[in-house]
Amino acid sequence: MSDLPPLQEATLRDKVAVVTGAAQGIGRATALRLAAEGALVTCADIKDTRETVALAEKEGGQAVGVELDVRVAADWEAGIAGVLERHGRVDLLANVAGIVNMQSEDTVVGLTEEAWDNVLATDLKGIWLGMRAVIPSMIEAGGGRIVNISSLAALRGLPNLASYSAAKGGVIGLTQQAAFEYGPRNVLVNAIAPGTIDTPILGDITPEMKAANARAHIIDRLGLPEEIASMVAYLFREGRFVTGQVYPVDGGWSAKGNY
Ligand SMILES: NC(=O)c1ccc[n+]([C@@H]2O[C@H](COP(=O)([O-])OP(=O)(O)OC[C@H]3O[C@@H](n4cnc5c(N)ncnc54)[C@H](O)[C@@H]3O)[C@@H](O)[C@H]2O)c1
């Protein structure tokens, strides 16, 4: 125990971080927050991350972009090999990339097999592939921290989120499993279950639907991507005795009575 540094010295300075979904939304906010705290951030996305990288640099942070489809094992292998070449290790992985099903209705009966496969591949398999790609090097380097983004849809039934809720529920199971398997090697793995956060994933949601989503929170507004990023940064920076947990960052949604 005596080799643990004092908690007040906890910092992300020079930590090597990988953030998926970093082109926009929660992933972008997370990349910017980690870079602002001094981490060396790789911004991974299927989309162009140049804008995120430029924003990080404008604030004095260090970031690079990499094109990576989280569904594809070879992309993970190449992406993480690049990080190891640049920095020699990966300290932190934020698995943020995700989609909702836009291909079909997302009810148990109305869902198409193709849509199910795509949502599960992105939102669940992508997280497994990410953890599989980084954990061996984390163990070799003496430890690491991973945060996986789940959803409040994993915790309760909600309209039109059948494939999504299945994937996000799987993220919680896989988070606990990875925490169990690699915690003894100092790889700490946690999940966050956001409430409704104002990002492009909401698509062309009507003002009425936005207001209804806001009312579902105790704090009567949509969350900001920066509010999820701040929890990721906290777990990365401070969470050295925390693993296998799911943190709702949901404006009190999960605590609200049906009233
Ligand atoms: N916004 C919300 O209300 C909310 C609530 C709960 C959970 N979440 C989760 O938070 C995460 C981020 O969502 P967001 O709201 O920022 O959405 P977003 O659509 O703004 O961003 C998602 C990012 O993931 C990337 N992405 C999608 N498929 C990918 C793939 N195959 N490979 C690599 N990158 C890919 C997209 O290009 C995009 O940049 C997702 O996992 C989402 O399910 C969001």
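Heads up: these notes are all about the structure in this document. (Residues numbered from 1 in each chain as written. Predicted model: local features only at pLDDT ≥ 70, side-chain atom pairs only at ≥ 80, totals over all residues. Heavy atoms only, no water.)

With respect to the helices and strands, aspartate 123 occurs in helix H4 (residues 113-140). Comment: no salt bridge for buried aspartate 123; closest opposite-charge side chain is lysine 168, at 4.5 Å. Within the local environment of aspartate 123, its side chain forms a polar contact with the backbone nitrogen of isoleucine 99, the two atoms lying 2.8 Å apart. Contacts of aspartate 123, omitting those with residues within four sequence positions, involve Gly98, Ile99, Tyr164, Ala167, Lys168 and Val171. (Helix = DSSP H or I, 4+ residues; strand = E, 2+ residues; numbered from the N terminus. Buried < 20%, exposed > 50% of the residue type's maximum accessible area, 1.4 Å probe, protein only. Lys, Arg positive; Asp, Glu negative; His and termini not counted. Salt bridge = Lys/Arg side-chain N within 4 Å of Asp/Glu carboxyl O. Polar contact = N/O pair within 3.5 Å; in protein donor to acceptor, adjacent residues only side chain to side chain. Contact = heavy atoms within 4.5 Å.)

It is worth spelling out the pattern of salt bridges at this point. In this structure the tally under the stated criterion is 9 salt bridges. Residue arginine 89 pairs with aspartate 91 through a salt bridge whose shortest N-O separation is 3.1 Å. With a relative accessible area of 29%, arginine 89 lands in the partly exposed category. Here glutamate 238 makes a salt bridge to arginine 237, at a shortest N to O gap of 2.8 Å. In this structure glutamate 238 comes out as partly exposed when scored by relative accessible area, which is 28%. Arginine 237 gets classed as buried once you look at its relative accessible area, which sits at 19%. Members of the salt-bridge network, linked through shared partners, are Arg33, Glu37, Arg237 and Glu238.

Here we come to the pairing of strand S2 (residues 40-45). Among the 6 residues of S2, 6 are classified as buried, and the element is accordingly described as predominantly covered. Residues Leu40, Thr42 and Ala44 line one face of S2 and the alternating positions Val41, Cys43 and Asp45 line the opposite face, and both faces are buried. For strand S1 (residues 16-20) and S2, the ladder comprises 5 bridges, and the chain directions are parallel. Each residue of the ladder has a partner; that of threonine 20, found in S2, is alanine 44. (Pairing = 2+ DSSP bridges.)

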